[in-house]
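What follows is each chain in one-letter form.
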Amino acid sequence: MAFPYITNTEEDRQVMLKAIGVSSSADLFNDIPHEFRNPTLNLPPPVSELELKRELEMLAGKNIDPQGWASFLGAGSYRHYVPSVVGHITGRSEFYTAYTPYQPEISQGTLQTIYEFQSMVSELMGMEVANAGMYDGASALAEAALMACRITGRMSVTVLDTVSPTYIEVLKPYLLPQGVAIDISSSKNLSLKQTTACLIVQQPNFYGFMEDMKAHAAEADAVGALKVVTVDPISLGMLKPPGEYGADVVTAEGQSLGVAQSFGGPYVGLFACKSKHLRQMPGRIVGQTVDSQGRTGYVLTLQTREQHIRRERATSNICTTESLVALATTVYMAALGKRGMQEIATLCYHKAQYAAKQISQLKGFRLTSSSPFFREFTVTCPSAPAEINKYLLSKSIIGGLDVSAKIPNGMLFCVTEVNTRVEIDKLVKELAGFADK
Amino acid sequence: MLINNPKLLEKQRTLLMDVSVAGRRASTTPSMDVPLSDMPPAELLRDDLHFPEVSEPQLIRYFTHLSTLNYGVDSGIYPLGSCTMKYNPKLHEDAVRLPGFANVHPIQPDETAQGALQLMHNLQTYLAEITGTSAVSLAPLAGAHGEFTGLQMFRAYHLEHGQIQRKRVLIPDSAHGTNPATAAMLGFTVTSVATDNDGNVDMDALHKELGTDVVGLMITLPSTLGLFERHIVEICKAVHEAGGLVYGDGANMNALLGQVKPGALGFDVVHLNLHKTFSTPHGGGGPGSGPVCVSETLRDYLPDAVVVKIANNTYKFHRPAKSIGKIAAFNGNFGMLVRAYAYIRILGAEGLKSISENAVINANYVLAKLKGDYLLPYQRLCMHEVIFSAKRQKEHNVRALDVAKRLIDYGFHPPTMYFPLIVEEALMIEPTESEGREGLDAFIDAMLSIAREVEEQPELVRNAPYSAPMTRLDEARAARQPVLRWRADADKQKI
Amino acid sequence: MSDKDKQIPNPRNLKYTKDHEWIRIEPDGTAFIGITDFAQSQLGDIVFLDVPKAGKTLKQFEKFGEVESVKSVSDLFTPVSCEVVDTNKHAIEQPELVNKEPFSNGWLLKVKVKDSSEVASLLSAQEYDGLTGK
């Protein structure tokens, strides 16, 4: 049987086997112990492309595509409009079928887009340098914590309890095996020690509200701990970048910058730091140089930090940059540009404020904090959020995240530029309807 | 490639910020349809944002031009050893863009994501079957992340069994750098195990290192030398007898599809690189996907979450009893899972076996045709990739790097160089099953021609390439004076 | 062959380690430490030096730093027990100096020798020649 991804015909194979000097392809596998050879693979029979397309469409059709619904779910993955230019560029196979740019002479496309990415990420965050990208926001934050330990030589980190619970959970497999202690603390009871490598803060925090970064920075500085911040990149179209409040390492989930939500991945972690910490940064870095004719070009650089050279002494085992996803974010940031980034941030802000105002006027709903918030906010509900969400789902609305594990009857709502006023009003009406039931 | 006019090239490659003009834009934003609220206090707001301002045509031309400076699998043969640069089917790219996949929120209620969960469940089942293992988690986001996950499970298993003294991981000296780097991330020490003259693990060396302080062994099968480890069953047995576990780095699974199930050989964990074996595109350095497939011993330790089937043909996420917990924000690189699923469905069992068969034939064909001109360090048949040494060429003061760069002038992507570390001047060629005989013949002719050039005009090879968008780049300069981001002219003194 | 491929003979007045460091003892009991021409040629273009600050005390053959080329990292070991008096700022700023003049302007550390008897355990230039196949 012939398969579309295999070029050799039976005749080709025979000619090649003869050139190799064996009589059959089975002879090529003789090193495999005989009793384990040719196992039965119990897989469904192969299908044609048309049949497969139908099968995939059927599976995709079983999911509720929130694009057709009113959705107010964020919590680490966000629904923003992705301009068409993004897909057209990432869909170019010169980008998506290339490998890591180890051969710079024929990889300038990838290398220069990474350089643009590093430039825009560091500008957005107000930091001196950024790397080429990490797996996602959670692992980027964990790597930042490890980096802080390497820099300070300290073996304990403090993380505010308003950081994403998932991100806090992901810190554990990264930090605990290396003997780094994790102290989870409320900002009220914060007590950093001389042994604290870093203070980890999320801005705006997981529940949507702004942290007092000036106060947190002062506390970290008082004990010589580094300031590690995980941010919402969309918010930085409007909010003060972490570099301006003294952050040492800044990470973010890059998904909201033009990347499909795609049931959780692929995403990209953004990672930036002060240049004095550059040599402790994990991940790939692209730098500018010249070729032998003096023309400007780009190469992977500072590679001695990495696993393929330093092996067990590397800054990390990572060798992926989520390059194609980083490309999507690069095109997105360039397409929005200065004004677009400001406008999207402003839209998110005012729509979220509007939604919060309307919801908190309903009986039994109350904002959990008086701090400013950007595009997410938490309210306490008159009954269990799970029940409310079930009701909303029956009205074609995906509600907010149930955070009652942390805040009694708490629900975390997210509002972006995609949510129209009509949708927000509908949400408010249904919440009122539920309360009146 | 549009390289005829160097001036134009230079101009087109100017960075976006250099061509930025205030007032231009390449996107529109919706109108404000809600009343404005008070802004947050000024001290929370940023003053300015130095982002490019370009029009949509400028933007598209810029990135389109950059794409022409790249070489991808769709451009031609990409024999990059250990990377499995196979063809990436086009249907897959359409499939991941289906709104019912692309727009699904990772934590929307399970009952609203049944299609995605069903696909993941099926894929778990297929990968367990292909690897001969009991259970699978699709959560790891890359191969190295799979290694990280696998060793987390080893750690949890040993802690659970009171074996806290197990701190040492054994790794053959031919291994990929991620193996020792991963072991170090888990707080383990690394002991390198030597390779014997046939390219197998030195069994005496292995036995000497095994003991009650050993966490386990990380081994790549076939090895990074492109060879099937002849002692693999004995190795797994010995490690198990010493109380250790065996980690299978599945980077080279393309050689084994349908030929043998690693789980049957005694592996406790095998990670798969979906971006290698299962054709998901490499994307210029990611995204990848590194599912971990585990034996019965470790199934309860799998990361959060795995997909389970419950009554009424419905599916849900599940956290195994002794789970190592979450290793990333969500549940795996779903877009990659869709592609791998599609690949397995088109090929079925017979097709997968044909993949490995053709991959191995292609590599051995290259071996047979080039062994007269390039030194073959291990005199035996190879699996899906063949490693030569450019030692002979070095006598003419031409290095593996130079041979690789010269291939660019012949229109081919270079092979992997200087890996594995134990082969001097290594050139590692992995044709994959995507290539056909004529294509390989053209590649072989180029390699033979370069071998002649090395003897007759070594200088020509030493300064290659000549026909690429750029000549050799000064990597030392890049590392000595790092310039890592765009800066306005006035600020260029800074990093 | 380019200039940088030319071999520089191992100076007779230096002592060597098998790890390719050299040491030049001055009459006042201080000494200079660097890496050999053989070492720099094996490394290729050196891009970064990680050496300890003045005041650091080191035991004989202890790792004192790292030298990085574009694609390799090598540990540096001190030939004798000593205290670091100074580091070569020029070489740190321009690591190519170590490639160009490894035995002179490309030195790495100036140290105060703790125990001069340790020098006896080092290699002579002739012995080091033998080690590197000269």
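Worth saying up front: this structure is predicted, and the values here are computed from it rather than measured.

1. As for the overall build of chain C
Helices and strands together make up the secondary structure of chain C, namely 4 helices and 9 strands. Ordered by position from the N terminus, the helices and strands of chain C form the series β-β-β-α-β-β-β-β-β-α-α-β-α. In summary, chain C has a C-alpha radius of gyration of 14 Å against a globular reference of 14 Å for 134 residues, a match within 12%. For chain C, the spread of C-alpha atoms along the principal axes amounts to about 40 × 30 × 25 Å. Taking all 134 residues of chain C together, the buried fraction comes to 47%. For chain C, the exposed surface amounts to about 6800 Å²; the carbon and sulfur share of it is 51%. Distance between charge centroids for chain C: 1 Å, based on 17 positive and 22 negative side chains.

2. A closer look at the packing of helix α6 (residues 137-152) of chain A against helix α7 (residues 165-175) of chain A
All names here are of chain A. Axis separation between α6 and α7 bottoms out at 9 Å; the angle between their running directions is 50 degrees. It follows that α6 is oblique to α7 by the angle criterion. In terms of crossing hand, the pair formed by α6 and α7 is right-handed. Between α6, through Gly137, Ala138, Ser139, Leu141, Ala142, Glu143, Ala145 and Leu146, and α7, the contact on the second element is made entirely by Tyr167, Val170, Leu171, Tyr174 and Leu175. Considered class by class, the residues forming the contact of α6 with α7 number 10 nonpolar, 2 polar and 1 charged.

3. A word on the domain arrangement of chain A
Residue and element names in this part refer to chain A. Splitting chain A by domain gives domain 1 (66-81 + 337-436) and domain 2 (86-330). Taking the mean C-alpha position of each, domain 1 and domain 2 sit 28 Å from one another. Between domain 1 and domain 2, a total of about 1900 Å² is buried, with carbon and sulfur atoms accounting for 65% of that surface. It is Met341, Phe374 and Lys406 in domain 1 that bury the most area against domain 2; as a group they hold 28% of the surface buried on that side. Inspection of the domain 1/domain 2 interface yields 2 salt bridges. The shortest N-O distance in the salt bridge between Asp232 and Arg375 comes to 2.8 Å. Between domain 1 and domain 2 we count 7 residue pairs in polar contact (both at pLDDT 80 or more) in total. For the side of domain 1 that touches domain 2, the secondary structure elements donating two or more residues are α10 (323-360) and β12 (376-380).

4. Considerations on the pattern of salt bridges
In this structure the tally under the stated criterion is 55 salt bridges over all chains. The shortest N-O distance in the salt bridge between Glu93 of chain B and Arg339 of chain B comes to 2.9 Å. Note that Glu93 of chain B is positioned in helix α4 (residues 90-96) and Arg339 of chain B in helix α12 (residues 334-370), a separation of 246 residues in sequence. There is no split in this pair, since Glu93 of chain B and Arg339 of chain B are both buried. One salt bridge in this structure joins Glu425 of chain B and Arg399 of chain B, with 2.8 Å as the shortest N-O distance. On the criterion of sequence distance, the pair formed by Glu425 of chain B in the loop between β11 (416-417) and β12 (426-429) and Arg399 of chain B in the loop between α13 (391-394) and α14 (400-409) is long-range, its members being 26 residues apart. The network of salt bridges with shared partners includes Arg279, Arg310 and Arg313 of chain A together with Lys63, Glu66, Glu68 and Asp75 of chain C.

5. Topic: the state of the cysteines
One pass over the structure, following the stated rule, counts 0 disulfides over all chains. Free of any disulfide, Cys293 of chain B has its nearest cysteine sulfur in Cys236 of chain B, 15 Å distant.

6. Things to note about the packing of aromatic side chains
What the rule picks out here adds up to 26 aromatic pairs over all chains. Judged by centre distance (5.3 Å) and plane angle (80 degrees), the ring pair of Phe263 of chain A and Phe334 of chain B falls under edge-to-face. A residue pair is termed interchain when its members come from two chains, as with Phe263 of chain A in the loop between β7 (249-253) and β8 (269-273) and Phe334 of chain B in helix α12. We note that Phe263 of chain A, like Phe334 of chain B, is buried. Ring centres 5.1 Å apart and planes at 75 degrees place the aromatic pair Tyr62 of chain B and Phe63 of chain B in the edge-to-face group. Taken together, the ring pairs connect Tyr5 of chain A together with Tyr87, Phe278 and Tyr343 of chain B into an aromatic cluster. The ring centre of Phe48 of chain C lies 3.3 Å from the NZ or CZ of Arg279 of chain A, which sits over that ring. Over the ring of Tyr78 of chain A we find Arg375 of chain A; its NZ or CZ atom is 3.6 Å from the centre of that ring.

7. Re the interface of chain C and chain A
Taken together, the 10 residues of chain C in the interface contact 6 residues of chain A. Interface area for chain C against chain A, summed over the two sides, is near 700 Å², with a carbon-plus-sulfur share of 43%. If you sort the residues of chain C by the area they bury against chain A, Glu68, Lys71 and Val73 of chain C come out on top, with a joint share of 53%. Across the contact surface, chain C and chain A share 5 salt bridges. The partner of Arg279 of chain A in a salt bridge is Glu68 of chain C, with the nearest N and O atoms 3.1 Å apart. On inspection of chain C and its partner chain A, the count reaches 6 residue pairs in polar contact (both at pLDDT 80 or more). Those elements giving two or more residues to the side of chain C that touches chain A turn out to be β6 (63-69) and β7 (72-77) of chain C. It is β6 of chain C that provides the largest number of residues to the side of chain C that touches chain A, a total of 4 residues. The class makeup of the residues in the side of chain C that touches chain A is 3 nonpolar, 2 polar and 5 charged.

8. Focus: the sheet that holds strand β5 (residues 196-203) of chain A
Residue and element names in this part refer to chain A. Here we have 7 strands laid out as an open sheet, ordered β2-β8-β7-β6-β5-β3-β4, and mixed in their pairing. Every interior strand has two partners, whereas the edge strands, β2 (129-130) and β4 (181-185), have only one. Two strands pair when backbone bridges link them, and strand β3 (residues 156-160) and β5 are joined in this way by 4 bridges, in the parallel orientation. Across the sheet, the residue bridging to Ser156 is Thr196, located in β5.

9. Examining the interface of chain B and chain A
Counting from both sides, the interface comprises 201 residues of chain B and, opposite them, 186 residues of chain A. At the boundary of chain B with chain A, total buried surface from both sides reaches about 17000 Å², with 62% on carbon and sulfur atoms. Put simply, chain B and chain A have 10 salt bridges between them. Residues Lys338 of chain A and Asp48 of chain B are paired through a salt bridge, measuring 3.0 Å at the closest nitrogen-oxygen approach. Across the contact surface, chain B and chain A share 100 residue pairs in polar contact (both at pLDDT 80 or more). The dominant element in the side of chain B that touches chain A, judged by the number of residues it contributes, is α12 of chain B, at 29 residues. In terms of residue class, the side of chain B that touches chain A is built from 111 nonpolar, 51 polar and 39 charged.

10. Quick notes on helix α5 (residues 108-125) of chain A
All names here are of chain A. Between its first and last C-alpha, α5 extends 25 Å over 18 residues, near the 26 Å set by a 1.5 Å rise per residue. Within α5, 18 of the 18 residues are buried, which leaves the element mostly enclosed by the surrounding structure. In the segment just after α5, Gly126 is the residue with positive phi, at about 70 degrees.

11. Some remarks on the sheet that holds strand β2 (residues 168-172) of chain B
All names here are of chain B. One open sheet holds the 7 strands; their spatial order is β1-β7-β6-β5-β4-β2-β3, and the pairing between them is mixed. Strands with a single pairing partner mark the edges of an open sheet, and in this sheet they are β1 (135-137) and β3 (189-193). Sheet twist, expressed as the mean angle between neighbouring strand axes with direction ignored, is 25 degrees. Strands β1, β6 (269-272) and β7 (292-294) of the sheet are contacted by helix α6 (residues 114-131), whose axis makes an angle of about 125 degrees with β1. On top of the sheet, helix α8 (residues 178-185) reaches β2, β3, β4 (214-220) and β5 (245-250); it is set at about 175 degrees to β2, its chief contact.

12. Some remarks on the side chain of His145 of chain B
Structurally, the position occupied by His145 of chain B is in helix α7 (residues 143-160). When residues no more than four places from it in sequence are discounted, the contact partners of His145 of chain B are Tyr135 and Tyr174 of chain A together with Pro140, Ile327 and Ala328 of chain B.

13. Some words on the nonpolar core
Among the nonpolar cores identified, the biggest contains 148 residues, and Met125, Val157, Tyr174 and Ile200 of chain A together with Leu59, Phe63 and Leu151 of chain B are the most heavily contacted of them. Here this core gets 16 residues from one element, more than from any other, and that element is α10 of chain A. If we ignore the near neighbours within four places in the chain, the residues touching Leu151 of chain B are Val169, Thr182, Ala183, Leu186, Phe188, Met218 and Tyr247 of chain B. Within the second largest apolar cluster, 116 residues are counted, among which are Ala205, Phe228, Leu440 and Ala446 of chain B.

14. A word on the pairing of strand β8 (residues 306-310) of chain B
All names here are of chain B. As paired strands, β8 and strand β9 (residues 314-318) are joined by 5 bridges and run antiparallel to one another. Within the sheet, the bridge partner assigned to Lys309 lies in β9 and is Tyr315. Hairpin remark: β8 followed by β9, antiparallel, with 3 residues in the connecting loop; positive phi at Asn312, about 60 degrees.

Criteria and cut-off values
- Residues numbered from 1 in each chain as written.
- Chains lettered and ligands numbered in written order.
- Predicted model: local features only at pLDDT ≥ 70, side-chain atom pairs only at ≥ 80, totals over all residues.
- Heavy atoms only, no water.
- Helix = DSSP H or I, 4+ residues; strand = E, 2+ residues; numbered from the N terminus.
- Rg over C-alpha atoms; globule rule 2.2 N^0.38 Å.
- Buried < 20%, exposed > 50% of the residue type's maximum accessible area, 1.4 Å probe, protein only.
- Areas by Shrake-Rupley, 256 points an atom, 1.4 Å probe, with all protein chains shown as cover.
- Lys, Arg positive; Asp, Glu negative; His and termini not counted.
- Charge placed at Lys NZ, Arg CZ, Asp CG, Glu CD.
- Axes fitted to C-alpha atoms, helices over the stretch in contact; angles between N-to-C directions.
- Parallel < 35°, antiparallel > 145°, perpendicular 65-115°, else oblique.
- Left-handed = near helix turned anticlockwise from the far one by under 90°.
- Contact = heavy atoms within 4.5 Å.
- Nonpolar A, V, L, I, M, F, W, Y, C, P; charged D, E, K, R; others polar.
- Domains from an automatic or database assignment.
- Buried area = accessible area lost by both parts, 1.4 Å probe.
- Salt bridge = Lys/Arg side-chain N within 4 Å of Asp/Glu carboxyl O.
- Polar contact = N/O pair within 3.5 Å; in protein donor to acceptor, adjacent residues only side chain to side chain.
- Disulfide = S-S within 2.5 Å.
- Phe/Tyr/Trp six-rings, centres within 6.5 Å; stacked < 30°, edge-to-face > 60°.
- Lys NZ or Arg CZ within 6 Å of the ring centre and 35° of its normal.
- Pairing = 2+ DSSP bridges.
- Expected span 1.5 Å × (residues − 1).
- Core = buried A, V, L, I, M, F, W, Y, C linked by side-chain atoms within 4.5 Å.

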